[in-house]
Amino acid sequence: MIHKTAALQDRVRAQWIEAIHARIACLDDSGADRSLSRKTPGVNHLLPPKGRADAQFADAVAPVGDKLVLTKTTDSA
């Protein structure tokens with residue numbers, strides 16, 4: 001999946017289209033800002049703070065330069 005996303009990003013960048021990156025992570029270390037769905041036990045409970053290593057983008061699909069990165073606390077729109 002990552003290699004397909006990276007290829008799509010390359011095509012977008014080649015056409016000078018602005019790409020926006022979004023990550024799902026807590027904005028603070030305590031996780032108090034998580035949505036209700038992310039506070040339930042199980043997989044949804046796994047939501048790292050945005051500064052932690054496991055909340056970062058994989059190198060192959062990371063933003064380049066100063067591109068816009070949105071941090072969300074839930075995966076809904």
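See the structure printed just above.
Now for a look at the structure at hand. All chains use their own residue numbering, which begins from 1 and follows the written sequence. For this predicted model, a pLDDT threshold of at least 70 governs which residues receive local features, and a threshold of 80 or more governs which side-chain atom pairs are given and counted, while totals over whole chains, interfaces and linings are taken from all residues. Hydrogens and water are ignored here; the side-chain numbers use all heavy atoms of the structure.

Trans peptide bonds make up most of the peptide bonds, and negative phi angles are found at most residues other than glycine. We note that Trp16 has phi near 60 degrees; this positive angle belongs to a residue other than glycine. Strands are runs of DSSP state E lasting at least 2 residues, helices are runs of H or I lasting at least 4, and numbering of each runs from the N terminus. Checked against the element boundaries, Trp16 lands in the loop between α1 (2-14) and β1 (21-24). Looking at Trp16, the relative accessible area reads 81%, which means it is exposed. Exposure is judged per residue with a 1.4 Å probe applied to protein chains only, and the accessible area is read against the type maximum: over 50% gives exposed, under 20% gives buried, and values in between give partly exposed.

Two side chains that carry opposite charge are able to pair once their charged atoms sit near each other. Just to be clear on terms, a salt bridge is a Lys or Arg side-chain nitrogen sitting within 4 Å of an Asp or Glu carboxyl oxygen. Inspection of the entire model under this criterion finds 2 salt bridges. A salt bridge links Lys67 to Glu18; the nearest nitrogen and oxygen atoms lie 3.5 Å apart. One end of the pair, Lys67, is in the loop between β1 and β2 (69-72); the other, Glu18, is in the loop between α1 and β1, with 49 residues separating them in the sequence. Here Glu18 falls in the exposed class, since its relative accessible area comes to 53%. In this structure, the salt-bridge partner of Asp54 is Arg52, at a minimum N-O distance of 2.8 Å. Exposure remark for Asp54: the relative accessible area of 52% places this residue in the exposed category. We classify Arg52 as partly exposed; its relative accessible area is 43%.

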